[in-house]
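Take a look at the letters that make up each chain.
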Amino acid sequence: MKRIFLLLLTTAAMITAAAQHIMLKNLVLDSCSVYPAVSHRYHVYIPDGYDGTSPAALYLGLDGVLCNAPAVLDSLIDSGEMPVTIGVFLEPGVVCRANGEVIRYNRSNEFDMTDDRFARFIAIDLLPAVERLCAPDGRRIHLSRDPRQRAIFGASSGGIAAMMVAWHRPDLFSRVFTAVGTFVAMRGGNDVQALVRKGEPRPVRIFLQDGTEDAWNPLFGHWYEGNRLMESALRFAGYDLCCDWSETGHSITRAHRIFSTAMRWLWRNDSIAAGTTQNDLLASILIPGEEWQAAAPATFEPRSEAVYPDTTLAVAKVPGDNMLWQWLIAPDGSRTAGQRFYWLHSFDNAEVRVADMEFDSEGNLYVATNAGIQICDQNGRVRGIVMLPPECGEVLAMRLGEGSITLRSAQGTYIRRFDIHLPGCRPRSQGQG
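It should be emphasised that the depicted structure is a prediction, and the values quoted were computed from it without experimental measurement.

Chemist: Any chance you could explain the state of the cysteines here in plain terms?
Modeler: Covalent bonding between the sulfur atoms of two cysteines defines a disulfide. All told, the structure shown has 0 disulfides when counted by the stated rule. Summary of cysteine pairing: cysteine 243 is not part of a disulfide, and the nearest cysteine sulfur, belonging to cysteine 242, is at 6.6 Å.

Rendered as structure tokens:
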């Protein structure tokens, strides 16, 4: 079935609509900063209505030209149901010998991974290359920086890739169409629904499509079940969501059939905002409308450990371990009876990077990591994950304040208001839980 699906991708990538647009075909993005030695081919659609001066909206299609997208874009732009939009159709990367022989296919490594590398590739390698292009008549390509003016589509492994790009970088894309997405145990896709439930809601609108017969390879799981779990998680987290379930299998056929409908729904208006999560911990600390703001430079340093408010317990990161250890603090101040205790989320089996940690008045532990600020309850379980500031770089240190969190990062200092309080005494016990 997978071979059939890839054949459909290859065939669809050769389709070019012949109306009211220009296609720049078979452009090549050679070795880039995120994926060394990997070459990507891509195509760019320029609609007739694009004047070359005002920034255009962006449609990014993964796996090349699928779903007869250029013709659909022509129609929806002409009818006013989509703004004037530049289409970028990206094919998966490959590594080749000098004679052109492919020695590595990079599709799964790019699309199925759940970290932010593919989003960074799009932001710092692909889109800048697109904006260096001109149409044959000299029109320069200018893309809107407003994420509400950007949509991304992918199918199968491209479906989870589209989702993760917007989830990691909602400042890049606010509209997502994911078809027969690979939310299964291939490269951590089965954990995405947990990240959505625990994560701070993003201002992203999502169209989710799959079929009841979609079980490409039971070794990795059941695609339809994975997509239904994603639906449940997205609704729990308050996302603007539309789902299309049918009696189809793992193919592009259904997405092709409903593509124009999905695009109309995604582009129906610009009122895209983060929803209201049912995550009780996040609901208790998030303040509607509050976002990270640049702050005056700070010089505070990271702590090597966090001490419980009544000084009975100490927590620290042990090199090579993705869990935090907890020790008892003896009367003489020594640490005893250490255990692996606080379980943290990481991406793609990599070691989670911990910058700093601190307790609040409820005895919850706030851990600044490369996967966000992970908030653990007294029993060591992550209950909520707060997004880091977009493009903040590596977090170096964190401080909880009365009603705020301040981060010092590689790019600067950021502050954000939260409904949190500093401890004054031993927090009330949360029990066994």
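Chemist: What is the right way to read the confidence of the model for the protein from this model?
Modeler: Segments scoring low in pLDDT should not have their predicted coordinates read at a detailed level. Looking at the protein as a whole, its pLDDT mean stands at 93, while 96% of the residues score no less than 70. Within the model, the stretch residues 1-18 combines pLDDT values under 50 with 34 contacts to residues more than four positions away or in other chains.

Chemist: For this particular structure, what's the right way to read the sheet that holds strand 14 (residues 323-329)?
Modeler: Backbone hydrogen bonds are what pair the strands of a sheet, in a parallel or an antiparallel way. Read across the sheet, 4 strands follow the order 12-13-14-15 without closing on themselves; strand pairing throughout is antiparallel. Of all strands in the sheet, those with a lone pairing partner are strand 12 (306-307) and strand 15 (335-343), marking the two edges. For strand 14 and strand 15, the ladder comprises 6 bridges, and the chain directions are antiparallel. When the sheet's bridge partners are listed, leucine 324 is paired in strand 15 with tyrosine 342.

Chemist: Quick question: what am I supposed to make of empty space enclosed by the protein here?
Modeler: Rolled over the atoms, a probe sized like a water molecule indicates the empty space that remains. Throughout the structure, instances matching the rule amount to 1 cavity of 30 Å³ or more. Taken as a whole, the largest cavity holds about 40 Å³ of empty space. Around the largest cavity, the lining residues are Glu110, Met113, Asp115, Asp116, Phe118, Ala119, Ala161, Met164, Val165 and His168. Every element with two or more residues in the lining of the largest cavity is listed here: helix 4 (117-130) and helix 5 (157-168). Among the elements that make up the lining of the largest cavity, the one with the highest residue count is helix 5 (4 residues).

Chemist: Explain the sheet that holds strand 1 (residues 21-29) to me, please; I cannot follow it from the model alone.
Modeler: Ordered by their spatial adjacency, 8 strands build an open sheet running 1-2-4-3-7-8-9-10, and the pairing between neighbours is mixed. In this open sheet, the two edge strands, each paired with only one partner strand, are strand 1 and strand 10 (240-246). On average, adjacent strands in this sheet sit at an angle of 15 degrees to one another, irrespective of strand direction. Relative to strand 4 (residues 85-90), strand 2 (residues 40-47) runs antiparallel, the two sharing 4 bridges. When the sheet's bridge partners are listed, tyrosine 45 is paired in strand 4 with glycine 87. Here helix 5 sits on the sheet in contact with strand 3 (57-62), strand 7 (150-155), strand 8 (175-179) and strand 9 (205-211), set at roughly 150 degrees to strand 7.

Chemist: Sorry if this is basic, but what is going on with the pattern of salt bridges here?
Modeler: Overall, the coordinates contain 31 salt bridges when judged by the stated rule. Among the ionic pairs, arginine 117 bridges to aspartate 115, the shortest N-O distance being 3.1 Å. Residue arginine 117 shares its accessibility class with aspartate 115, and that shared class is buried. Shared partners join several salt bridges into a network, and the residues in it are Asp280, Asp377, Arg381 and Arg383.

Chemist: Mind showing me how you'd approach helix 8 (residues 253-266) here?
Modeler: In an α-helix, one turn spans 3.6 residues, which is why side chains three or four residues apart end up on the same side. Between the first and last C-alpha of helix 8 there are 19 Å, a value that for 14 residues agrees with the 20 Å anticipated at 1.5 Å per step. Most pronounced at phenylalanine 259, the bend in helix 8 amounts to some 60 degrees. Listing the buried residues of helix 8 in full gives Arg254, Ala255, Ile258, Phe259, Ala262, Met263, Trp265 and Leu266.

About the thresholds
Residues numbered from 1 in each chain as written. Predicted model: local features only at pLDDT ≥ 70, side-chain atom pairs only at ≥ 80, totals over all residues. Heavy atoms only, no water. Disulfide = S-S within 2.5 Å. pLDDT = per-residue confidence, 0-100. Contact = heavy atoms within 4.5 Å. Pairing = 2+ DSSP bridges. Helix = DSSP H or I, 4+ residues; strand = E, 2+ residues; numbered from the N terminus. 1 Å grid on protein atoms, 1.4 Å probe; cavity = no way out; pocket = protein on both sides within 12 Å on 5 of 7 lines; lining within 4 Å. Points joined across faces, edges and corners; volume = space filled by probe spheres on them. Axes fitted to C-alpha atoms, helices over the stretch in contact; angles between N-to-C directions. Salt bridge = Lys/Arg side-chain N within 4 Å of Asp/Glu carboxyl O. Buried < 20%, exposed > 50% of the residue type's maximum accessible area, 1.4 Å probe, protein only. Expected span 1.5 Å × (residues − 1). Bend = angle between axes of the 7 residues up to and from the residue.

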